[in-house]
Amino acid sequence: VQLQASGGGLVQAGGSLRLSCAASGNIGTIDRMAWYRQAPGKERELVAAITSGGATNYADSVKGRFTISGDNAKNTVSLQMEKLKSDDTAVYYCYLGASKSVWRSEYWGSGTLVTVSS
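Rules used throughout
Residues numbered from 1 in each chain as written. Predicted model: local features only at pLDDT ≥ 70, side-chain atom pairs only at ≥ 80, totals over all residues. Heavy atoms only, no water. Helix = DSSP H or I, 4+ residues; strand = E, 2+ residues; numbered from the N terminus. Buried < 20%, exposed > 50% of the residue type's maximum accessible area, 1.4 Å probe, protein only. Polar contact = N/O pair within 3.5 Å; in protein donor to acceptor, adjacent residues only side chain to side chain. Phe/Tyr/Trp six-rings, centres within 6.5 Å; stacked < 30°, edge-to-face > 60°. Lys NZ or Arg CZ within 6 Å of the ring centre and 35° of its normal.

Asks: I'm lost on the side chain of Asp-88 in this one. Help?
Replies: Relative to the helices and strands, Asp-88 is located in the loop between β8 (76-81) and β9 (90-100). Classification of Asp-88 by relative accessible area gives buried; the value is 1%. Only 2.9 Å separates the side chain of Asp-88 from the side chain of Arg-37, close enough to count as a polar contact. Among the polar contacts made by the side chain of Asp-88, one reaches the main-chain amide nitrogen of Lys-85 at a distance of 2.8 Å.

Written out as structure tokens, the structure reads:
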């Protein structure tokens, strides 16, 4: 299974970016997709997640600014980021949790860098 993320880049504070992640391979049944981020010197943190049923949750710091969406049929997850702040600068990783029979696996993308200039 491979997760390929795209959409990162340099943006000015207040601007927008859209991250996308596509999964390929023998994935199984997806139950959760998410975006995490890791800023320099900090631990990786959850940004937003979406379940196969469409339930979402967000980090408090991004509520009202970021929107996660997923397409289980296409095995894709996206993150629309608005009103970006310098604190949003980080490497963003997509995540996918899925099951095959009784086995559950977790997969990570390689990360895409988002830099917000003030």
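Asks: Even after reading the chapter, I still don't get unusual backbone geometry, so can you show me in this structure?
Replies: You will see that Asn-75, though not glycine, has its phi angle at about 55°, which is positive. Considering the arrangement of structural elements, one finds Asn-75 in the loop between β7 (66-71) and β8. Look at Lys-83: it is not a glycine, yet its phi comes out positive at around 50°. In this structure, Lys-83 sits in the loop between β8 and β9.

Asks: I keep staring at the packing of aromatic side chains and nothing clicks. Help me out?
Replies: Both the distance between ring centres and the angle between the ring planes are used here to describe each pair of aromatic rings. By the definition in use, this model includes three aromatic pairs. For the pair Tyr-95 and Trp-108, a centre-to-centre distance of 5.1 Å together with 65° between the ring planes defines the contact as edge-to-face. You can see Tyr-95 sitting in strand β9 and its partner Trp-108 sitting in strand β10 (residues 103-108), a full 13 residues away along the chain. For Trp-108, a relative accessible area of 38% translates into the label partly exposed. A connected cluster of aromatic rings, assembled from ring pairs, spans Tyr-36, Tyr-95 and Trp-108. Sitting over the face of the ring of Tyr-93, Arg-44 holds its NZ or CZ atom 3.8 Å from the ring centroid. Here the basic side chain of Arg-44 rests over the ring of Trp-108, its NZ or CZ set 4.8 Å away from the ring centre.

In short, the description is geometric, and any link to function would need to be established separately.
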